[in-house]
2 protein chains.
Amino acid sequence: MELWYTEYQTKNLGLTARIKETLFAGESEFQEIAVVDTHEFGRMLVLDGVFQTSIVEEFIYHEMIAHVPLFMHPNPKTVLVIGGGDGGAIREVVKHQSVEVAEMVEIDGLVVEVSKKYLPEISVALNENHPKLRLKIGDGIKHMREVESKYDVIIVDCSDPIGPGEGLFTHAFYQDVYKALKPDGLFVQQTESPFFHQELIKRLNKDISSLFPITSLYLANIPIYPSGLHCFTLGSKKYDPATADISRIPQNLSTRYYNKEIQKSCFALPNFIQDLLK
Amino acid sequence: MELWYTEYQTKNLGLTARIKETLFAGESEFQEIAVVDTHEFGRMLVLDGVFQTSIVEEFIYHEMIAHVPLFMHPNPKTVLVIGGGDGGAIREVVKHQSVEVAEMVEIDGLVVEVSKKYLPEISVALNENHPKLRLKIGDGIKHMREVESKYDVIIVDCSDPIGPGEGLFTHAFYQDVYKALKPDGLFVQQTESPFFHQELIKRLNKDISSLFPITSLYLANIPIYPSGLHCFTLGSKKYDPATADISRIPQNLSTRYYNKEIQKSCFALPNFIQDLLK
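Owing to the predicted nature of the structure, the values given are computational and were not obtained by experimental measurement.

Residue and element names in this part refer to chain A. For strand 7 (residues 101-106), the buried fraction is high: 6 of the 6 residues fall into the buried class. The sheet contact formed by strand 6 (residues 78-83) and strand 7 spans 5 bridges and is parallel. When the sheet's bridge partners are listed, I82 is paired in strand 7 with V105. The parallel pair strand 6 and strand 7 is bridged by helix 2 (residues 88-93), and the resulting crossover is right-handed. One ladder, built from 5 bridges, connects strand 7 with strand 8 (residues 133-137); its direction is parallel. Looking across to strand 8, one finds that M104 is bridged to L135.

Okay, the packing of aromatic side chains next. All chains considered together, the criterion is met by 30 aromatic pairs over all chains. Where Y8 of chain A meets W4 of chain B, the ring centres are 5.2 Å apart and the plane angle is 70°; that geometry is what we call edge-to-face. In this pair, Y8 of chain A is assigned in strand 1 (residues 3-10) and W4 of chain B in strand 1 (residues 3-10), connecting two distinct chains. Residue classification places W4 of chain B among the partly exposed residues on the basis of a relative accessible area of 27%. Between Y61 of chain A and Y225 of chain A, the aromatic rings sit 5.9 Å apart at their centres with planes inclined by 75°, giving edge-to-face as the arrangement.

The subject of this paragraph is the side chain of H130 of chain A. All names here are of chain A. Here H130 is to be found in the loop between helix 4 (124-127) and strand 8. On the accessibility criterion, H130 (15% relative accessible area) is buried. Apart from residues no more than four positions distant in its own chain, H130 is found in contact with V94 and A125.

This part is about the domain arrangement of chain A. Residues and elements named next belong to chain A. Segmenting chain A into domains produces domain 1 (3-53) and domain 2 (58-276). Placing the centre of domain 1 and that of domain 2 at their C-alpha centroids yields a distance of 23 Å. In this assembly, 22 residues from domain 1 lie in contact with 23 residues from domain 2. Taken together, both faces of the contact between domain 1 and domain 2 bury some 1,900 Å²; the carbon and sulfur share is 68%. Our count for the contact surface shared by domain 1 and domain 2 stands at 1 salt bridge. A salt bridge links R43 to E121; the shortest N-O distance between them is 2.6 Å. The interface formed by domain 1 and domain 2 includes 6 residue pairs in polar contact (both at pLDDT 80 or more).

Another aspect to go through is the sheet that holds strand 10 (residues 181-190) of chain A. Residues and elements named next belong to chain A. Strand order in the open sheet made by the 7 strands is 8-7-6-9-10-12-11, with mixed pairing throughout. On the outer flanks of this sheet lie strand 8 and strand 11 (214-221), each paired with one strand and no other. When strand polarity is set aside, the average angle formed by the axes of neighbouring strands in this sheet is 15°. Examined bridge by bridge, strand 6 and strand 9 (residues 151-157) share 5 bridges and lie parallel to one another. Directly across from V81, in strand 9, lies its bridge partner I155.

Here we come to the interface of chain B and chain A. With 39 residues of chain B at the contact, the number on the chain A side is 39 residues. It is N12, E40 and N271 of chain B in chain B that bury the most area against chain A; as a group they hold 19% of the surface buried on that side. Inspection of the region where chain B meets chain A yields 0 salt bridges. Here chain B is connected to chain A by 22 residue pairs in polar contact (both at pLDDT 80 or more). For the side of chain B that touches chain A, the secondary-structure elements that each account for two or more residues are strand 1, strand 2 (13-27), helix 1 (58-72), helix 8 (260-265) and helix 9 (271-276) of chain B. The leading source of residues in the side of chain B that touches chain A is strand 2 of chain B, at 6 residues. Taken together, the residues of the side of chain B that touches chain A sort by class into 19 nonpolar, 14 polar and 6 charged.

Residues and elements named next belong to chain A. Mapped onto the elements of the fold, I90 is located in helix 2. Overall, I90 belongs to the buried group, its relative accessible area being 0%. A sequence separation of 11 residues divides I90 from V79, and the C-alpha atoms of the two residues are 9.4 Å apart. With residues near it in sequence (within four places) discarded, I90 still touches V81, A102, E103, M104, A125 and L133.

Least-squares fitting of chain B to chain A yields an RMSD of 0.0 Å, with the superposition described by an axial translation of 0.0 Å and a rotation of 180°. Both copies are brought into coincidence by an operation consistent with a two-fold rotation axis. Mapped onto chain A, 100% of the interface residues of chain B again fall at the interface, so both copies present the same surface.

What follows is about empty space enclosed by the protein. All chains considered together, the criterion is met by 2 cavities of 30 Å³ or more. Its volume calculated, the largest cavity comes out at about 320 Å³. Contributions of two or more residues to the lining of the largest cavity are made by strand 11 and helix 8 (260-265) of chain A together with strand 11 (214-221) and helix 8 of chain B. Residues of the lining of the largest cavity, tallied by class, amount to 18 nonpolar, 4 polar and no charged. Of the pockets and cavities examined, the second largest cavity occupies roughly 120 Å³.

Time to look at unusual backbone geometry. At E192 of chain A, a residue that is not glycine, the phi angle is positive and equals roughly 70°. Here S149 of chain B, not a glycine, exhibits a phi torsion of approximately 45°, which is positive. With respect to the secondary-structure elements, S149 of chain B resides in the loop between helix 5 (140-146) and strand 9 (151-157). Classification of S149 of chain B as partly exposed rests on a relative accessible area of 38%.

Analysis parameters
Residues numbered from 1 in each chain as written. Chains lettered and ligands numbered in written order. Predicted model: local features only at pLDDT ≥ 70, side-chain atom pairs only at ≥ 80, totals over all residues. Heavy atoms only, no water. Buried < 20%, exposed > 50% of the residue type's maximum accessible area, 1.4 Å probe, protein only. Helix = DSSP H or I, 4+ residues; strand = E, 2+ residues; numbered from the N terminus. Pairing = 2+ DSSP bridges. Right-handed = clockwise from strand over helix to strand, strands pointing away. Phe/Tyr/Trp six-rings, centres within 6.5 Å; stacked < 30°, edge-to-face > 60°. Contact = heavy atoms within 4.5 Å. Domains from an automatic or database assignment. Buried area = accessible area lost by both parts, 1.4 Å probe. Salt bridge = Lys/Arg side-chain N within 4 Å of Asp/Glu carboxyl O. Polar contact = N/O pair within 3.5 Å; in protein donor to acceptor, adjacent residues only side chain to side chain. Axes fitted to C-alpha atoms, helices over the stretch in contact; angles between N-to-C directions. Nonpolar A, V, L, I, M, F, W, Y, C, P; charged D, E, K, R; others polar. Least-squares fit on C-alpha atoms with pLDDT ≥ 70 in both. 1 Å grid on protein atoms, 1.4 Å probe; cavity = no way out; pocket = protein on both sides within 12 Å on 5 of 7 lines; lining within 4 Å. Points joined across faces, edges and corners; volume = space filled by probe spheres on them.

Take a look at the structure:
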């Protein structure tokens, strides 16, 4: 018997993956959580039916959401990850020598527990309780309201703007992000596909650029996300990606996608995406 | 009733698209040919069950297979497209002022006829019988054997290395390509996904670099192809992509993906792809 799971990425398009085994299926206060072992992508985390990450290609998303902002900042010491319950973003953050404190605020404790058990390659910094890590299970939106001028870099590693992630895609949230950052701080957020979420990307770009003097969008190829091309939007108070000092990037940084050339090239936008941001 | 077509990109992974209508389904001497109208990607050309191109995102593939090699060459006058029966690559080639002759050798006349009828946005240069166009229905491998020192740029716009495209992925073919190029000529070929066709990419890179002093790989995001990330491999006798004069690229070039920054950034390779080529 062949088992297949299909994620309907839109109501008219699906990615369907052959499954070896369902390792976990449960429900938290916030969402449905599953881990399926697939033939093509290995173990995959599925939240509310949407593929979030997989053992085979997770490195791309996690390296790109962490290293691009962290190497734009000349000396990031205090970093916050909002969401990122699988631990992949934090795993990359703690690779930075300058980082002293890597806070993480994830709303759904069950995502953390499931990731620690079934996705240890991704959750390694959570499993070993890395000395730089400060993990809090709680509401990132509320946390952001309460802090001021604390972080060098904030990474918003959220799911889609429906369900628990919805409030992370609002102007009010970005105001709180601005407040929570130090005077030279910057933040990044995953902002979906430039093919299938154009209105969202335009709105966020407008919201973020109304608050931050420097707003940029960069791209990475994520095979399991709709269209395979994924956006990340940056808001920065001071540092510009165009003038980032890539000589800071150590030769021996352990990455499989990210490198010095990618730090520059990921900001080169196809015309149709440039047009979206006009 | 909902109609869906699923392409099994591998035996364990599929892309499934909701169909409005099947506009054409037939069979040529070489392959099964279909055109389906989909909700998400508009009309799509399907050969032997594999999505080839779509109205919504075809511009990416066609701009990237044509403009990257053509702007690496300082003065391309005589250009050959092998395959490319939908006409998309030729549509881009004839945009170049320097190009005097744009030859095309497509093995399957029915692909040309079907594209002219059902995909006129893509096949426009075929439909209007563009003055630079020389279209020949025939075997590209045989054609390549017969010509010598004729072309500035050759574009191998083929389908997958099974069926009619198979002989275009061989060392013998690349020897003939080398012979068919002028002493400063260069060629490009679509070379599949860096996730799902790693052995093929390694082999082709080895074959091409055994013949050409400069071999490079570049990337573009093609949403309908496996993994959404697609490789193009270049073999060049003289011109290096790293030193291409991008000031030649006119500001008013009519493209939706390609631009000066993309000409440079598409050669920035993630570490895992660099490792493949070592």
